Amino acid sequence: MRVDVVTIFPDYLAPLGLSLVGKARQAGLLDIRIHDLRDWAEDRHRTVDDTPAGGGPGMVMRPDVWGAALDAVLADDGAPAVLLVPTPAGEQFSQRLAHDLAATLEAGSRLVVACGRYEGIDSRVAEHYASVPGVAVREVSIGDYVLGGGEVAALVVIEAVARLLPGVIGNAESLVEESHGLAGLLEGPVYTRPLAWRGLEVPAVLRSGDHARIARWRRGRALDRTVERRPDMLGRLGPGQLDRADRAVLAQHGLLVTPEGLRPLRIRPAGPDDAAALAEVAAATFALACPPGTEPADIEAFVRDHLSPEAFAVHLADPGCAILLAEPGTTWSGDLAGSAGTTASDGGDGTGSSGPALGYTLARIPLHPDDAPGDPDVDAVVPQRPVAELSKCYVRSEHHGSGLADALLAAAHADLAGRTVDGVPLAAVWLGTNRGNRRARRFYARAGYRVVGARRFRVGAVLHHDVVMVRPLGTVDAAGR
Ligand code: SAM
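### A short note on the overall build of the chain
Broken down by element type, the chain carries 14 helices and 19 strands. Considering only C-alpha atoms, the chain reaches an extent of 100 × 50 × 45 Å along its principal axes. Taken over 481 residues, the chain has a buried fraction of 46%. In the form shown here, the chain has an accessible surface area of approximately 23900 Å², with 53% of it arising from carbon and sulfur atoms. For the chain, the distance from the average site of its 49 positive side-chain charges to the average site of its 60 negative ones is 7 Å.

### Remarks on the domain arrangement of the chain
The domain boundaries assigned to the chain delineate domain 1 (2-170), domain 2 (177-237) and domain 3 (240-472). In this assembly, 14 residues from domain 2 lie in contact with 17 residues from domain 3. Both sides of the domain 2 and domain 3 interface together cover about 1200 Å² of buried area, and 61% of this is carbon and sulfur. When the buried surface of domain 2 facing domain 3 is broken down by residue, Arg 216, Val 227 and Leu 237 rank first, second and third, together holding 34% of it. Counting every contact that joins domain 2 to domain 3 gives 3 salt bridges. Asp 246 is paired through a salt bridge with Arg 219; the nearest N and O atoms lie 2.9 Å apart. Inspection of the domain 2/domain 3 interface yields 5 residue pairs in polar contact (both at pLDDT 80 or more). Looking at the side of domain 2 that touches domain 3, its residues break down into 6 nonpolar, 2 polar and 6 charged.

### Remarks on the sheet that holds strand β1 (residues 2-7)
Strand order in the open sheet made by the 5 strands is β2-β1-β6-β5-β7, with parallel pairing throughout. Each edge of the open sheet is held by one strand with a lone partner, namely β2 (31-36) and β7 (135-141). Each strand of the sheet is rotated relative to its neighbour by a mean of 25 degrees, with strand direction disregarded.

### Let's talk about empty space enclosed by the protein
If you roll a probe as big as a water molecule over the atoms, it shows you where there is empty space left. Applying the stated criterion across every chain, the model contains 1 cavity of 30 Å³ or more. Looking at the largest cavity, its volume works out to about 30 Å³. In this structure, the largest cavity is lined by Val 3, Leu 30, Leu 105, Leu 111, Ile 158, Val 161, Ala 162 and Leu 165. Grouping the constituent residues of the lining of the largest cavity by class yields 8 nonpolar, no polar and no charged.

### As for the pattern of salt bridges
For the structure shown, the criterion picks out 29 salt bridges. Two residues, Glu 178 and Arg 163, come together in a salt bridge whose shortest N-O distance is 2.9 Å. Note that Glu 178 is positioned in the loop between α6 (174-177) and β8 (196-197) and Arg 163 in the loop between α5 (151-162) and α6, a separation of 15 residues in sequence. We classify Glu 178 as buried; its relative accessible area is 12%.

### Examining a positive patch on the surface
Taken together, the side chains of Arg 438, Arg 439, Arg 442 and Arg 446 define a basic patch exposed on the protein surface. Looking at the element boundaries, Arg 438 is found in helix α14 (residues 438-446). With a relative accessible area of 61%, Arg 438 lands in the exposed category.

### Here's the deal with the site of the ligand
By nearness alone, 18 residues border the ligand, and Pro 86, Ile 142, Gly 143, Tyr 145 and Leu 147 come closest of all. Contact distances for the ligand include 3.4 Å between an oxygen atom and a backbone N or O atom of Gly 116. One of the backbone N or O atoms of Gly 143 is found 3.0 Å from a nitrogen atom in the ligand. Compared with its free state, where it exposes 580 Å², the ligand has 82% of that area covered by protein. Elements supplying a minimum of two residues to the shell around the ligand: β5 (81-92) and β7. Looking at the shell around the ligand element by element, the count peaks at 3 residues for β5. Its residues assigned to classes, the shell around the ligand comprises 9 nonpolar, 8 polar and 1 charged.

### Examining unusual backbone geometry
The phi angle of most residues is negative, glycine excepted, and most peptide bonds adopt the trans form. Following Arg 193, the chain continues to Pro 194 via a peptide bond in cis, the omega torsion being -5 degrees. With respect to the secondary-structure elements, Pro 194 resides in the loop between α6 and β8. Positive phi values are uncommon outside glycine, yet Arg 198 reaches one of about 50 degrees. Looking at the element boundaries, Arg 198 is found in the loop between β8 and β9 (200-201). On the basis of relative accessible area, Arg 198 is assigned to the exposed category, the value being 73%.

### A short note on helix α13 (residues 404-417)
Helix length check: α13 (14 residues) gives 20 Å between terminal C-alpha atoms against 20 Å at 1.5 Å per residue, within 8%. Taken across its 14 residues, α13 has 10 buried, putting it largely inside the fold. Considered for burial, the residues of α13 that qualify are Leu 404, Ala 405, Asp 406, Ala 407, Leu 408, Leu 409, Ala 410, Ala 412, His 413 and Leu 416.

### Observations concerning the pairing of β2
The pairing of β1 with β2 spans 6 bridges and is parallel. Each residue of the ladder has a partner; that of Arg 2, found in β2, is Asp 31. Considered for its hand, the β-α-β crossover made up of β1, helix α1 (residues 19-26) and β2 is right-handed.

### Observations regarding the sheet that holds strand β10 (residues 255-258)
As summarised here, the arrangement of the 8 strands in space is β10-β11-β12-β13-β14-β17-β19-β18, forming an open sheet in which the pairing is mixed. Looking at the sheet topology across the chains shown, the edges are occupied by β10 and β18 (450-459). Direction aside, the axes of adjacent strands within the sheet are offset by 25 degrees on average. The pairing of β10 with strand β11 (residues 261-269) spans 4 bridges and is classified as antiparallel. Bridge assignment links Thr 258 to a residue of β11, and that residue is Gly 261.

Reading the values: rules and limits
Residues numbered from 1 in each chain as written. Predicted model: local features only at pLDDT ≥ 70, side-chain atom pairs only at ≥ 80, totals over all residues. Heavy atoms only, no water. Helix = DSSP H or I, 4+ residues; strand = E, 2+ residues; numbered from the N terminus. Buried < 20%, exposed > 50% of the residue type's maximum accessible area, 1.4 Å probe, protein only. Areas by Shrake-Rupley, 256 points an atom, 1.4 Å probe, with all protein chains shown as cover. Lys, Arg positive; Asp, Glu negative; His and termini not counted. Charge placed at Lys NZ, Arg CZ, Asp CG, Glu CD. Domains from an automatic or database assignment. Contact = heavy atoms within 4.5 Å. Buried area = accessible area lost by both parts, 1.4 Å probe. Salt bridge = Lys/Arg side-chain N within 4 Å of Asp/Glu carboxyl O. Polar contact = N/O pair within 3.5 Å; in protein donor to acceptor, adjacent residues only side chain to side chain. Nonpolar A, V, L, I, M, F, W, Y, C, P; charged D, E, K, R; others polar. Pairing = 2+ DSSP bridges. Axes fitted to C-alpha atoms, helices over the stretch in contact; angles between N-to-C directions. 1 Å grid on protein atoms, 1.4 Å probe; cavity = no way out; pocket = protein on both sides within 12 Å on 5 of 7 lines; lining within 4 Å. Points joined across faces, edges and corners; volume = space filled by probe spheres on them. Patch = residues over 30% accessible without salt bridge, like charges linked within 9 Å, V, L, I, M, F, W, Y side chains within 5 Å. Near = heavy atom within 4 Å. Expected span 1.5 Å × (residues − 1). Right-handed = clockwise from strand over helix to strand, strands pointing away.

So, in structure tokens, the structure goes:
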């Protein structure tokens, strides 16, 4: 694969003999040729520039000298060519363009880079070669700043393209996960030995040897970093590229993946004004948790008696009740400019809601630190006190699999982990969930719950069988993970 660079400072391109690109040249994968533009100047002084037409400061590079040089370089083997003209006024160079150029080289085209200096190259040069058959002109900027010449841009482009060519990088897999790679994310943090350095440890998961967990962790941290540093990149990810775990990570950043794009999500403690919203979402979600065969009349009666606005008003006033509400937000703290279909931020504080509640959690907190948990199995199996009960964790069915439930549960854990009973931190949380509801059981197991027992209770005529699950609270980090 052939690359030509035309410059008035051939020595500037010496780094192309080093490292990855240098090795690729030695291995015969890349044929890079550097040409001195002045070889095509016609006067004694080898002049390549002249004063700007119309006046003004500086000098402009002459089209006749460039034309002679480029004609000669392009004619060399007659292959189709991309003529790359670095200029701060060009299209932004990106990993995507690097991939395009690498593919063009692989398909047999050449790359010719025309390095300008002074005020740049007479504009007719790009215009002319754009009309030459077999030549595609790309005017490319490597960033919003002005360099003294195109040589550094040539080095940047050639290095970025070369490492994408087959055989140049030993392990092509690294091209997928790296920043701006095929995954479309920034890469997360990376570590090596020593495992402990100046009081900083390599995260334990990376030492676990569990490859699936490590891959999942890396993907999660890549998403975290992209959300925090380059949220504009998120909009280029299609919903199909985001699996359930990805959606959970995004939901924890306050972003809900919907078919229309990313939407701001808000999870907050419910207040006295939320009784009606809670009753509405509770009524819409309760039936989902009932085992098959539950009579609609029994469900209706339960909703009427226990999930009414009045019932929630009582819960909201109860110091032994902790309720979190998930709702569509009106703003998002980051800048999602450029991401598809995202509600524009109004620069507010993210406190508004723009629709009905999406889900809620309700936890019961003991009033005294040594109160026994309200379940005999938990009482027998979990020695620590105090223990909270997660009584409800419901999400509207259209958001199942969206990561919303994971985010809501994580928020509930973080909320509970931050609470104390008479100054004693909550040690654990337990819940009962329908024995036959495998989806719910898997969901809670993923969130760190383990089964410790069973219980039975009646709704109308139907006897319900629950498994009882427990999760310690001490292991929750700030994000509730
Ligand atoms: N007068 C030009 C303008 O304002 O657009 C700037 C000319 S610059 C001083 C000289 C040369 O440096 C350009 O012709 C180009 O080859 C190169 N150059 C400068 N900044 C660049 C950038 N951000 N990306 C690519 N090439 C750049």
